[in-house]
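Fold and contact review
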Amino acid sequence: MQTATAKWYDRRDSVFIEFCVEDSKDVRVCFDKTKLDFSCANGTNNIKHQNTVELYGEIDPKVSESHESKHRRTDRSVLCCLRKAETGKAWSRLTKDKTRCNCLSVDFNNWKDWEDDSDEDLNSFDKFSEMMNNMGGDDLPDLDCAGEGHDTADSDNEKMPDLE
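Keep in mind that this is a model prediction, so the values were computed, not measured. (Residues numbered from 1 in each chain as written. Predicted model: local features only at pLDDT ≥ 70, side-chain atom pairs only at ≥ 80, totals over all residues. Heavy atoms only, no water.)

Some words on the sheet that holds strand β1 (residues 6-10)
Here we have five strands laid out as an open sheet, ordered β6-β7-β2-β1-β8, and mixed in their pairing. The sheet is open, and its two borders are formed by β6 (70-73) and β8 (104-106), each paired with just one other strand. Adjacent strand axes in the sheet meet at a mean angle of 20 degrees, parallel and antiparallel pairs treated alike. When β1 meets strand β2 (residues 14-19), the two strands line up antiparallel, connected through five bridges. Paired with Tyr-9 across the bridge in β2 is Phe-16. (Pairing = 2+ DSSP bridges. Helix = DSSP H or I, 4+ residues; strand = E, 2+ residues; numbered from the N terminus. Axes fitted to C-alpha atoms, helices over the stretch in contact; angles between N-to-C directions.)

Overview of the pairing of strand β7 (residues 78-83)
Counting buried positions along β7 gives five out of six residues, so the element sits mostly inside the fold. Where β2 lies against β7, six bridges are found, and the strand directions are antiparallel. Note that in β7 the partner of Ile-17 across the bridge is Cys-80. Of the pairings in the sheet, the one linking β6 to β7 comprises four bridges and is antiparallel in character. Bridge pairing in β7 links His-71 to Cys-80. Hairpin connection from β6 to β7: four residues lie between these consecutive antiparallel strands. (Buried < 20%, exposed > 50% of the residue type's maximum accessible area, 1.4 Å probe, protein only.)

Let's talk about unusual backbone geometry
With a phi close to 50 degrees, Asp-23 is a non-glycine residue in the positive phi region. Position of Asp-23 among the secondary structure elements: in the loop between β2 and β3 (24-31). The class for Asp-23 is partly exposed, based on a relative accessible area of 35%. Residues other than glycine seldom take positive phi values, yet Asp-26 does so here, at roughly 55 degrees. Of note, Asp-26 is situated in strand β3.

Pasting the structure below:
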């Protein structure tokens, strides 16, 4: 048995783990409050993979039918969605143990610092980004500040007062 390589990322109410096994078969995922057991076989080489992950925080294995921890198999991987028992609490790591696991990495393509974000701020940022993308280079106003009423001297060359 081999350990499958995996990537993970954190969200406000869930943690996602993607086990990178191509053409997986006989997939088995068992959710517990504090751990996840994953096993499968690689369809091409018939190599068996098994991972047991002692989780950093607790999850709800079954909250309700539509909000339970679950997994989905694709041709390239098995993605697991773990519903946090305590939503809104960030996980600084996936595992309970602080030691680094070579088969586990952070999925920076999907990572998002959501703790300080609000939907309103995000919508404003999206609107701002869209506006900036739609602006043409010829439509930009003249931003030359060397005209009347503006000091053109370089303020970095001024003498700083001595520290006492």
